[in-house]
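The residues making up each chain are set out below.
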Amino acid sequence: MAQVSEEREDRVDATGAHPAATPGTPEPGDAGTPATGTPVVPEASGNGEAARLSAAGTAAAGTSAASANGVAAGEVADASAKGAAAEASAADGAAVEPAPEVKKASKAGRNLPAAIGVALLLGAAIIVSLLTVRYLFIGIIAVAIAVGTFEFAGVLRRVADIRVAMIPVLVGGQAMIWLAWPFGREGALTAFVLTVLACLLWRLPGGAKGYLRDISASTFAAAYLPLFGAFAAMLVPPEDGVGRVLTFLIGVVASDTGGYIAGVLGGKHPMAPTISPKKTWEGFAGSVIGGVVAGALTLSLLLDGHVWQGVIFGVAIVLTATLGDLVESLIKRDLGVKDMGTLLPGHGGIMDRLDSLLPSAVVSWLLLSAFVPV
């Protein structure tokens with residue numbers, strides 16, 4: 001009934017004409033009915049009871065329609081209220097939901113257990129080689145230099161499209177290291193000069209574009225890696241070669257370890273913020289303490305030198321190790337990389353461990369040759 005009533009009202013609104021009246025209900029304007037106002041229902045002819053029933057049915061229909069409309073309106077209102085409550089609940093939940101915890105970076109700056117484990121393995125391999133056949137240490141140097149050359153050349157090519165002359169640098173690098181064994185610095189320098197000449201010739205077919213850039217990178221790689229590494233190899237041949245190598249390695253390790261511990265525990269004043277933000281003056285002081293103590297002990301106990309010589313040696317090693325670390329950091333910052341490789345967990349690549357060793361090898365050979373002549 002409610003639906004029929006609504007449809008009739010729609011038709012009135014749409015056409016402006018009234019639908020056909022229900023029997024017994026006069027239209028506006030009919031006889032006995034005013035044109036406006038409330039229609040007057042004349043008494044139906046016949047039984048009055050039927051008229052009363054008809055009126056009751058009409059009233060019931062109106063009541064039913066109103067009830068239906070009220071239920072529908074109530075359902076809509078209820079649904080709206082529930083939706084608003086759900087949105088408010090969701091909003092409250094989003095507001096009170098705790099933010100995910102941000103894991104703080106380790107102050108150590110690396111995976112410390114992995115770094116310690118790798119350092120112990122490398123140290124054990126070096127000690128075994130020195131205490132058994134000390135010339136095996138030259139082989140360890142040769143392998144480390146070859147891997148470091150691959151890492152360095154690979155980063156240059158990927159990041160800056162600089163092409164190191166790999167074959168001449170690798171072959172010439174091995175020649176520098178192994179010729180330093182019987183011929184000393186003359187053999188290493190001769191092999192270096194020949195390596196540079198080979199790089200000049202190797203790059204010729206590539207044309208003029210980038211020639212100077214590639215040759216400069218090849219020459220730098222040959223000097224920075226195998227030539228510096230050859231000075232470490234020259235520490236091995238003398239009779240006290242084991243002591244010389246240990247003095248060199250212990251000095252570098254003590255410098256790095258002392259600086260690392262002091263920097264982690266109390267580093268507050270950056271030493272070179274634009275190059276290596278984590279390196280601090282407090283860490284440098286720790287390096288000086290570690291290097292001086294190590295130099296004084298090793299030079300006097302392992303090589304029968306004087307304590308004052310060990311102090312000078314320790315300070316020099318700290319300076320060169322720090323310089324090597326800063327140089328490597330500057331190279332990586334220039335290239336936009338964090339590590340040179342991923343071979344050593346907790347350390348990065350081989351190059352990331354050679355940074356302080358390579359320049360220190362040159363200074364170690366020079367000072368030990370002067371303080372403790374062969």
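Note that the coordinates shown come from a computational prediction; the quantities given were computed from them, not determined experimentally.

Visitor: Would you mind going over the overall build of the protein chain with me for this structure?
Guide: Each helix and strand counted, the protein chain has 11 helices and 2 strands in total. Helices and strands appear in the protein chain in the N-to-C order α-α-α-α-α-α-α-β-β-α-α-α-α. Here the protein chain holds 374 residues, and 37% of them are scored as buried. Within the protein chain, contacts between residues separated by at least 24 positions form 66% of all contacts whose residues are at least 6 apart in sequence. Total accessible area on the protein chain is roughly 21300 Å²; 68% of this is exposed by carbon and sulfur atoms.

Visitor: How should a nonpolar patch on the surface be read in this particular structure?
Guide: Taken together, the side chains of Ile-250, Ile-289, Val-293, Leu-297, Leu-301 and Leu-302 present a nonpolar region at the surface, about 570 Å² in accessible area. Top contributing element to the nonpolar patch by residue count: helix H8 (residues 281-301), with 4 residues. As for its placement among the helices and strands, Ile-289 is situated in helix H8.

Visitor: What is the right way to look at the pairing of strand E2 (residues 276-280) in this model?
Guide: Side chains on a regular strand alternate between the two faces of the sheet. Sheet topology note: the strand E1 (residues 270-272)/E2 ladder contains 2 bridges and is antiparallel. Paired with Pro-270 across the two strands is Thr-280, which belongs to E2.

Visitor: Sorry, what's going on with the side chain of Thr-320 here?
Guide: Within the secondary structure layout, Thr-320 lies in helix H9 (residues 307-335). Looking at Thr-320, the relative accessible area reads 12%, which means it is buried. In contact with Thr-320, not counting residues within four places along its chain, are Pro-359, Ser-360 and Val-363.

Visitor: Please clarify how H9 should be interpreted in this entry.
Guide: An α-helical turn contains 3.6 residues, so a residue and the one three or four places further along point in the same direction. For H9, built from 29 residues, the straight-helix expectation of 42 Å at 1.5 Å per residue is met to within 8% by its first-to-last C-alpha distance of 42 Å. Looking at the residues trailing H9, positive phi occurs at Gly-336, about 75°.

Visitor: How do you make sense of the environment of Ile-261 when you look at a structure like this?
Guide: By the secondary structure assignment, Ile-261 is in helix H7 (residues 241-266). When its relative accessible area of 44% is taken as the criterion, Ile-261 is described as partly exposed.

Visitor: Would you mind going over the confidence of the model for the protein chain with me for this structure?
Guide: The predicted coordinates of low-pLDDT regions are not to be read in fine detail. On average, residues of the protein chain score 78 in pLDDT, and 69% of them are at 70 or above. Note on residues 1-77: pLDDT under 50 across the span, and 29 contacts to partners over four residues away in sequence or across chains. Here residues 79-97 is a poorly scored stretch, pLDDT under 50, and it has 0 contacts once near neighbours within four places are set aside; other chains count.

Visitor: So what exactly am I meant to see when it comes to the nonpolar core here?
Guide: Soluble globular proteins: nonpolar side chains tend toward being buried together. In this structure, Phe-137, Phe-152 and Leu-225 are the most contacted members of the largest nonpolar core, which totals 65 residues. Contributing elements (two or more residues each) for this core: helix H3 (112-131), helix H4 (136-160), helix H5 (166-202), helix H6 (211-233), H7, H9, helix H10 (350-354) and helix H11 (357-371). Top contributing element to this core by residue count: H6, with 12 residues. Setting aside residues up to four positions removed in sequence, Phe-137 forms contacts with Ile-126, Ser-129, Leu-130, Ala-232, Val-236, Val-245 and Leu-249.

Visitor: How should the packing of aromatic side chains be read in this particular structure?
Guide: Each aromatic ring pair is summarised here by two numbers: the centre-to-centre distance and the angle between the ring planes. Tallied over the full model, the rule gives 8 aromatic pairs. Pairing Trp-178 with Trp-181 gives two aromatic rings, centres 6.3 Å apart and planes at 45°, and the pair type is tilted. Separated by 3 residues within a single helix, Trp-178 and Trp-181 lie in helix H5, roughly one turn from each other. Where Phe-231 meets Trp-365, the ring centres are 5.6 Å apart and the plane angle is 70°; that geometry is what we call edge-to-face. Residue Phe-231 is located in helix H6, and its partner Trp-365 is located in helix H11; the two are separated by 134 residues in the primary sequence. Phe-231 sits in the buried class, given a relative accessible area of 13%. A relative accessible area of 15% places Trp-365 in the buried class. Aromatic ring contacts, followed pair by pair, group Phe-152, Phe-220, Tyr-224 and Phe-228 into a single cluster.

Visitor: So what exactly am I meant to see when it comes to the environment of Ala-217 here?
Guide: The topology assignment puts Ala-217 in helix H6. Note: C-alpha distance between Ala-217 and Ala-153 (64 residues apart in sequence) is 8.7 Å. Aside from chain neighbours lying at most four places away, what touches Ala-217 is Leu-156, Ile-162 and Val-164.

Visitor: What am I meant to see in the packing of H9 against H11 here?
Guide: Relative placement of two packed helices is described by the angle separating their axes and the distance separating the axes. Viewed as axis vectors pointing N to C, H9 and H11 meet at an angle of 165°, and their least axial separation amounts to 8 Å. By the angle between their axes, H9 is roughly antiparallel relative to H11. Classified by chirality, the crossing of H11 by H9 is right-handed. Residue-level contacts link Gln-309, Ile-312, Phe-313, Ala-316, Ile-317, Thr-320, Ala-321 and Gly-324 of H9 to Pro-359, Ser-360, Val-363, Ser-364, Leu-367, Leu-368 and Phe-371 of H11. Classifying every residue of the contact of H9 with H11 gives 10 nonpolar, 5 polar and no charged.

Visitor: Can you walk me through H5 in this structure?
Guide: An ideal rise of 1.5 Å per residue puts 54 Å on 37 residues; H5 reaches only 9 Å between its terminal C-alpha atoms. At Phe-183, H5 shows its maximal kink, close to 150°.

So, how was this worked out
Residues numbered from 1 in each chain as written. Predicted model: local features only at pLDDT ≥ 70, side-chain atom pairs only at ≥ 80, totals over all residues. Heavy atoms only, no water. Helix = DSSP H or I, 4+ residues; strand = E, 2+ residues; numbered from the N terminus. Buried < 20%, exposed > 50% of the residue type's maximum accessible area, 1.4 Å probe, protein only. Contact = heavy atoms within 4.5 Å. Areas by Shrake-Rupley, 256 points an atom, 1.4 Å probe, with all protein chains shown as cover. Patch = residues over 30% accessible without salt bridge, like charges linked within 9 Å, V, L, I, M, F, W, Y side chains within 5 Å. Salt bridge = Lys/Arg side-chain N within 4 Å of Asp/Glu carboxyl O. Pairing = 2+ DSSP bridges. Expected span 1.5 Å × (residues − 1). pLDDT = per-residue confidence, 0-100. Core = buried A, V, L, I, M, F, W, Y, C linked by side-chain atoms within 4.5 Å. Phe/Tyr/Trp six-rings, centres within 6.5 Å; stacked < 30°, edge-to-face > 60°. Axes fitted to C-alpha atoms, helices over the stretch in contact; angles between N-to-C directions. Parallel < 35°, antiparallel > 145°, perpendicular 65-115°, else oblique. Left-handed = near helix turned anticlockwise from the far one by under 90°. Nonpolar A, V, L, I, M, F, W, Y, C, P; charged D, E, K, R; others polar. Bend = angle between axes of the 7 residues up to and from the residue.

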